[in-house]
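Notes for the structure review
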Amino acid sequence: MAKTRVLLAEHQTAVRQGLRRILESDGEIEIVGEVGDGGGAVEAAKRLRPTVVVIDIELPGLNGVEATSQISKGAEGVSVLILSMQSDDGSVRQGLKAGAKGYLLKDSEDLDLVKAVKSLARGGSYFSPSVSKVLLAGYLNE
């Protein structure tokens, strides 16, 4: 079975290294690239063709939402998982409207990150439980 190819887009080196260690602990996941800004994420997604891009919403230059939009439009077959500290309705909706298939909070458990990447790789979606509550509340209030 082919490995899930992941591109990490996170501006903080220590956080990016932690994400790499978590994901590489699963034998079905391979990190194919790492970048620290939004423009780099867009370029690397087109060049490396990962299965999943794990992207921080607060990247320098081109932010994570704008980069997600460009990746979703320009790198066919690539799924984007937004990683953020922000769980407010506006941030979540912006990310999803940009084309993200999942939204994971940075305070999630290690296993949640692995589950999220695998879910997106299978064509599904994944949301932190508190993000799911925000989405449900927003849906019910529309």
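Summarised in this report is the structure supplied together with it. Everything numeric in this text was worked out from a predicted model, so none of it was measured.

1. Examining the environment of Val 42
Considering the arrangement of structural elements, one finds Val 42 in helix H2 (residues 38–48). Linking Val 42 and Lys 118, residues 76 residues apart in sequence, is a C-alpha distance of 21 Å. With residues near it in sequence (within four places) discarded, Val 42 still touches Leu 62, Ala 67, Gln 70 and Ile 71.

2. What to know about the pattern of salt bridges
Enumeration over the complete set of coordinates arrives at eight salt bridges. One salt bridge connects Arg 20 with Glu 24, and the closest N-O pair in it is separated by 2.5 Å. With Arg 20 and Glu 24 both in helix H1 (residues 13–24), this residue pair falls four residues apart, about one helical turn. The salt bridge involving Lys 118 is made with Glu 28; its shortest N-O contact spans 3.3 Å. With Lys 118 in helix H5 (residues 110–121) and Glu 28 in the loop between H1 and strand E2 (29–35), this pair connects stretches of sequence that are 90 residues apart.

3. Digging into the nonpolar core
Of all hydrophobic cores here, the largest spans 25 residues; its most connected members are Val 53, Ile 55, Ile 71, Ile 82 and Tyr 103. The set of elements that each furnish at least two residues to this core consists of strand E1 (4–9), H2, strand E3 (52–56), helix H3 (64–74), strand E4 (79–84) and strand E5 (102–105). If you tally residues by element for this core, the top one is H2, at five residues. Counting residues in each nonpolar core, the second largest holds 18 residues, with Val 6, Leu 8, Ile 29 and Leu 104 among its members.

4. Side note on H2
Buried within H2 we find Gly 38, Gly 40, Ala 41, Val 42, Ala 44, Ala 45 and Leu 48. Each element contacted by the buried residues of H2 is listed here: E1, E2, E3 and H3. The backbone nitrogen of Gly 39 lies 3.2 Å from a side-chain oxygen of the residue at the head of H2, namely Asp 37.

5. Some remarks on the sheet that holds strand E6 (residues 126–127)
The strand order E2-E1-E3-E4-E5-E6 describes an open sheet built from six strands, whose pairing is parallel. Two strands close off the open sheet at either side, each with one partner strand: E2 and E6. Here five bridges tie E3 to E4, and the two strands are oriented parallel to one another. Paired with Val 53 across the strands is Val 80, a residue of E4.

Criteria and cut-off values
Residues numbered from 1 in each chain as written. Predicted model: local features only at pLDDT ≥ 70, side-chain atom pairs only at ≥ 80, totals over all residues. Heavy atoms only, no water. Helix = DSSP H or I, 4+ residues; strand = E, 2+ residues; numbered from the N terminus. Contact = heavy atoms within 4.5 Å. Salt bridge = Lys/Arg side-chain N within 4 Å of Asp/Glu carboxyl O. Core = buried A, V, L, I, M, F, W, Y, C linked by side-chain atoms within 4.5 Å. Buried < 20%, exposed > 50% of the residue type's maximum accessible area, 1.4 Å probe, protein only. Polar contact = N/O pair within 3.5 Å; in protein donor to acceptor, adjacent residues only side chain to side chain. Pairing = 2+ DSSP bridges.

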